[in-house]
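Fold and contact review
Spelled out from the first residue to the last, the chains are:
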Amino acid sequence: MPIKADYVVRETTSNLGRNISITLASVLTVFVSLLLVGSSLMLRTAVSNATQRWQGGIEFVVYMNTNASQDQIDAVAQALSESPEVEGYTFFDQQASYDEFKRLFADSPEMVDSVQPEDLPPSYRVKPVNKSADSVKSLADTFRDRAGVKDVILASKTIQLIQDMSQSLTLIIVVVALGLLFVAGLLILNTIRMAMFARRREIEVMKLVGATNWFIRVPFMLEGLVQGLLGSIAAIIGLVAIRPLFEGWLPKASEIPLVSGFTVSTGSLIGIYLLLLVVGALVGTIGAGVAVTRFLDV
Amino acid sequence: MITLENVTKTYKNGTVALRDASVEIAKGEFVFLVGTSGSGKSTFIRLLNKEETPEQGHIYVAGKDIGQLSSWKVPFLRRNIGCIFQDFKLLPSKTVFENVAFALEVIGRPRSVVQTQVPAILDLVGLGHKAANFPDELSGGEQQRVSVARAFVNRPLILLADEPTGNLDPATSVGIMRLLDRINKTGTTVVMATHDRGIVDTMRRRVIEIDRGNIVRDQARGVYE
């Protein structure tokens, strides 16, 4: 049986208007919790962007000269493979470095334009067996003077610290946000319950004359969905507003030489926004769904 | 049209509302259920549109065993059954027209059907001129007519009435009974629970008497006691 769109819209909007204060409470709770989730995700993306080269146990990077010969490059590769102290390494040629550069600075096209693949040094990202500072340093030093090697850069404790901090910060924020989302779900559940109570006579008549369960439920489910979506849209607007502040507050790449670009690309932001929309919609629908299945028995 | 086979219904508090009841009601019959308050009349009615389920026995409505009916099919059963009540159950925020139209709208009938059926049924119950009024602007008898219109607008096979004249004075009750009689004459099966001795004795239809959950009398062209 088709459910008429105008009926559903009419019912849903009148329900939303009926309990404006508690609807506002649900929407605001969704908003605050999703704002937290969103900003922690943004922080995380920024940190992982900035410390990209240092993920997965990479402790130092061997940069070759841009004009290093293929023999010189191969020689370093051979030395790395033969060394018992190297657990693994990855080679980034000029094109791969350029691709990474483009990704990291996707939001600064003028920087990307000023650089060509030939300007970037090919590099080896090395994962040593022994991670203690001294042994990493002495291993790294053995590559410093090889032919064709421009420089060897070690991950410092700072990188580790930034990564660890962002990780635990994210964890705490996400736990708090999940708690808030649960509260938001309960609030929405109660809003819907009140809406159903306000309309109990209509519901009774609808059941009596043979309206299907879904016909009765859909306006209430939509009410929950709308509340969740309103909250997540507000959170996205909030994130858009705080993004410049956020990027201003993070240290510039020039302040910490080891990392590059504490930025969040628009691409990953859109991903975060979509995630927030989905989570908001889910919280609203689940809250309303529990309400209609628990309190709307036929 | 309606068959009960050894139906027993006990409520959670232990009250036996119906015990081993077997009844057969043919299409187009008019049946009074009589008995004191709490005798099980209302339970009988509520079992027929599956507001309650029996723990023993089978109930067939329009040839279907409604005990086997999955819950999503119950609304479709109810579209074949009209219901009227002592307290009318009209929606105070809707006009007479809207109250009746509501019953068609929520089962997805197109607007064109609503626009033709509702005025026709309001004329049938004699309230065409009050379509724009709200229920609290009507007398009790008129309100019950609206609820009859709502119950019958979808042309159900069966009309269930739970003390429809319980809140009405005798003169008004007669009007409602004439209306139910007219509906019955169109072929609709009517089952009506009532306390109203005068109505039962005047109409002289089939009477089923229930006493503490037991069917103690089933009499064609019967009287109240």
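Small disclaimer: the values here were computed from a predicted structure and weren't measured. (Residues numbered from 1 in each chain as written. Chains lettered and ligands numbered in written order. Predicted model: local features only at pLDDT ≥ 70, side-chain atom pairs only at ≥ 80, totals over all residues. Heavy atoms only, no water.)

Some points on the interface of chain A and chain B
- In this assembly, 17 residues from chain A lie in contact with 24 residues from chain B.
- A combined buried area of about 1800 Å² lies between chain A and chain B, and 61% of that area is made up of carbon and sulfur atoms.
- One can count one salt bridge joining chain A with chain B.
- Between K89 of chain B and E204 of chain A there is a salt bridge, with the nearest N and O atoms lying 2.8 Å from each other.
- Our count for the contact surface shared by chain A and chain B stands at four residue pairs in polar contact (both at pLDDT 80 or more).
- Looking at the side of chain A that touches chain B, the elements with two or more residues in it are α1 (5-18), α8 (200-209) and α9 (213-249) of chain A.
- In terms of residue class, the side of chain A that touches chain B is built from eight nonpolar, three polar and six charged. (Contact = heavy atoms within 4.5 Å. Buried area = accessible area lost by both parts, 1.4 Å probe. Salt bridge = Lys/Arg side-chain N within 4 Å of Asp/Glu carboxyl O. Polar contact = N/O pair within 3.5 Å; in protein donor to acceptor, adjacent residues only side chain to side chain. Helix = DSSP H or I, 4+ residues; strand = E, 2+ residues; numbered from the N terminus. Nonpolar A, V, L, I, M, F, W, Y, C, P; charged D, E, K, R; others polar.)

Digging into the nonpolar core
- M206 of chain A together with F32, V106, L122 and L180 of chain B are the most contacted members of the largest nonpolar core, which has 83 residues in total.
- By residue number, the principal contributor to this core is helix α7 (residues 157-198) of chain A, which donates nine residues.
- What L180 of chain B contacts, discounting residues up to four positions off in sequence, is F30, I84, V148, L159, P164, V190 and M192 of chain B.
- Residues F44, I81, I158 and I208 of chain B belong to the second largest nonpolar core, which totals 28 residues. (Core = buried A, V, L, I, M, F, W, Y, C linked by side-chain atoms within 4.5 Å. Buried < 20%, exposed > 50% of the residue type's maximum accessible area, 1.4 Å probe, protein only.)

Quick word on the packing of helix α2 (residues 20-50) of chain A against helix α10 (residues 266-295) of chain A
All names here are of chain A.
- Packing of α2 against α10 leaves a shortest axis separation of 10 Å and a crossing angle of 150 degrees. If you check the angle between α2 and α10, you find them roughly antiparallel. Regarding α2 and α10, the two cross each other, and that crossing is right-handed. Of the residues in α10, those in contact with V30, L34, V37, G38, L41, M42 and T45 of α2 are S268, L269, I272, L275, L276, V279 and G280.
- Taken together, the residues that form the contact of α2 with α10 break down as 10 nonpolar, four polar and no charged. (Axes fitted to C-alpha atoms, helices over the stretch in contact; angles between N-to-C directions. Parallel < 35°, antiparallel > 145°, perpendicular 65-115°, else oblique. Left-handed = near helix turned anticlockwise from the far one by under 90°.)

What about the pairing of strand β9 (residues 206-211) of chain B?
Residue and element names in this part refer to chain B.
- Bridge count for strand β3 (residues 30-34) against β9 is four bridges, and the pairing is parallel. Counterpart to L33 in the pairing with β9 is I208.
- Here five bridges tie β9 to strand β10 (residues 214-219), and the two strands are oriented antiparallel to one another. Counterpart to I210 in the pairing with β10 is I215. (Pairing = 2+ DSSP bridges.)

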